[in-house]
Amino acid sequence: MGEINVTSSRYAKSHQAHDLSRKHHDVERKSSSWWNSPETKRKKRVARYKLYAVEGRVKSSVKKGFRWVKKTFSRFVH
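Conventions adopted
- Residues numbered from 1 in each chain as written.
- Predicted model: local features only at pLDDT ≥ 70, side-chain atom pairs only at ≥ 80, totals over all residues.
- Heavy atoms only, no water.
- Helix = DSSP H or I, 4+ residues; strand = E, 2+ residues; numbered from the N terminus.
- Buried < 20%, exposed > 50% of the residue type's maximum accessible area, 1.4 Å probe, protein only.
- Areas by Shrake-Rupley, 256 points an atom, 1.4 Å probe, with all protein chains shown as cover.
- Salt bridge = Lys/Arg side-chain N within 4 Å of Asp/Glu carboxyl O.
- Polar contact = N/O pair within 3.5 Å; in protein donor to acceptor, adjacent residues only side chain to side chain.
- Contact = heavy atoms within 4.5 Å.

1. Quick notes on the overall build of the chain
- Looking only at helices and strands, one finds two helices and zero strands in the chain.
- Counting across all 78 residues of the chain, residues that qualify as buried make up 3%.
- By element, 62% of the accessible surface of the chain is carried by carbon and sulfur atoms, the whole surface being about 7,800 Å².

2. A short note on the pattern of salt bridges
- As enumerated under the stated definition, the model contains two salt bridges in all.
- Residues Glu39 and Arg42 are paired through a salt bridge, measuring 2.9 Å at the closest nitrogen-oxygen approach. Of this pair, Glu39 and Arg42 both sit in helix 2 (residues 38-77), three residues apart, which is roughly one turn of that helix.
- The exposure class of Glu39 is partly exposed, given its relative accessible area of 41%.

3. A look at the side chain of Thr40
- Take Thr40: it is sitting in helix 2.
- For Thr40, a relative accessible area of 17% corresponds to the buried category.
- Here the side chain of Thr40 touches Ser37 through a polar contact of 2.8 Å, side chain to side chain.
- In this structure, Thr40 is in contact with Trp34 and Trp35, ignoring residues within four places of it in sequence.

By themselves, these observations are geometric and do not establish any function.
As structure tokens, then:
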């Protein structure tokens, strides 16, 4: 009878360890999907919109700068 208790306690301990590792894996899986949440997707999308806006302003500024240089040097030549 004592042997059954030892065996059953070993069995219980091994299953507790398995359950803990399984819970850890489930928590890890949930926490690893934070990047796939709707809120995170929205933040990424908004960041891209802001990046496009900045890119447009930079391009516009560079174009205006080239126009200014072209206009300034064309005055000297003509």
